[in-house]
Amino acid sequence: MTRAVLFDLDGTLLDRHSSLILYVHQQINRCSPVLGNVSPPDYLNKIIELDAHGHQTKDVVFQEVEKYFDLPDQSWRILFDDFLQHFPDICAPFPRMHQTLQFLQQSGYSLGLITNGNNASQNSKINGLGIRHYFGAILISEAEGVKKPEPEIFNRCLRQLHVTAKDAVFVGDNPKADIYGAQSVGIKAIWMRDSYWPEPSRPDGIICQLSQLPDLLEKMNENNEADCI
């Protein structure tokens, strides 16, 4: 029986794409003297392209933006500093995130969060979403010194929740870091469908939205019970 549900943050609980769009619109207003006559739609599209779903470092993103739009020398530093200051405060959750986490918590599941990234940035997102109180364990890769898909970060979370791998499931969007990473230590993995990523080859379950998770967990538990008969 599943006793613990572990989550990824970006792309699973945090709707990073929507957050980025909201942030860029605000940055355009704040940094209009730097951006000059750059078309807002062109700027937004270029940022989304260069960001590569959060996998390109932001200093490189804004250096490329400076070159692409022929902005004044060192403009990228102003844009990058603005990102560091303001983006962590832009936190758009996926629909029914709070309702799902609350339901799982009240149903007796232990909840854990494992996220790759900078400690200050990821903590700002967690606080911005208002979800810290749901989790019995929160592991951020910079603070832990290991990151997904390394087995140790998953095992460390299991130890903090006092459960074994067979008693846990992991929910995430990244096939390599989340799905294969969790499965490599014996944790069942549920893929949060994302059009950016190719579908993993053998997920233990697939959801398109968080509200589908409780029913899927119930079905997985029923199947486990049937296997034991």
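Everything discussed here concerns the structure shown above.
This report concerns the structure included in the present document. Only a predicted model underlies this, so the values are computations on that prediction, with no experimental measurement involved. Every chain is numbered independently, its residues counted from 1 as its sequence is written. It should be noted that, the model being predicted, local features are given only for residues of pLDDT at least 70 and side-chain atom pairs only at 80 or more, the latter also being counted only at that level, while totals for whole chains, interfaces and linings use all residues. Side-chain figures throughout are based on the complete set of non-hydrogen atoms in the structure, without hydrogens or water.

Axes here refer to lines fitted to C-alpha atoms; in helices the fit is confined to the stretch in contact. Angles between the N-to-C directions go from 0 to 180 degrees. Secondary structure is summarised from DSSP: a helix means a run of H or I of at least four residues, a strand means a run of E of at least two, and numbering begins at the N terminus for each. Put simply, helix H1 (residues 16–30) and helix H5 (residues 75–86) touch, their axes get as near as 11 Å, and they point 130° apart. Relative to H5, the element H1 lies oblique. Relative to H5, H1 is oriented so that their crossing is right-handed. Every residue of H5 that contacts H1 at Tyr23, Gln27 and Arg30 is listed here: Leu79, Asp82, Phe83 and His86. Here the word oblique covers every angle except those under 35 degrees (roughly parallel), over 145 (roughly antiparallel) and from 65 to 115 (roughly perpendicular). The handedness criterion is simple: a crossing whose near helix is rotated anticlockwise from the far helix by less than a right angle is left-handed, and one whose near helix is rotated clockwise is right-handed. The contact definition used throughout considers only heavy atoms, calling two residues in contact when any of these lie within 4.5 Å.

Before going further, it helps to spend a moment on the nonpolar core. Ranked by size, the top nonpolar core spans 29 residues in total, and within it Phe7, Leu13 and Ile131 carry the most contacts. Taken together, the elements giving at least two residues each to this core come down to strand E1 (4–7), helix H6 (97–106), strand E2 (110–115), helix H7 (119–129), strand E4 (168–172), strand E5 (188–192) and helix H11 (213–228). Broken down by element, the residue count for this core peaks at four residues, all from H11. Each nonpolar core is a collection of buried residues, namely Ala, Val, Leu, Ile, Met, Phe, Trp, Tyr and Cys, held together in the definition by side-chain atoms within 4.5 Å. Working definition: with a 1.4 Å probe on protein chains only, accessible area under 20% of the residue-type maximum means buried, over 50% means exposed, and in between means partly exposed. In terms of nonpolar packing, the next biggest core, distinct from the first, is built from 23 residues, Val24, Val34, Trp76 and Leu79 among them.

Let's shift gears to helix H10 (residues 175–183). Because an α-helix completes one turn every 3.6 residues, residues spaced three or four positions apart along the sequence face the same direction. Of all the positions in H10, only Pro175, Ala177, Asp178, Ile179, Gly181 and Ala182 are classed as buried. Its buried side turned inward, H10 meets helix H9 (151–161), E4 and E5. Each polar contact in these results corresponds to two N or O atoms within 3.5 Å; when the atoms are within protein, one needs to be able to donate a hydrogen and the other to accept it, and residues that are neighboring in sequence are counted only if both atoms are side-chain atoms. For H10, the side-chain oxygen to backbone nitrogen distance between the N-cap and Lys176 is 3.0 Å, and the N-cap itself is Asn174.

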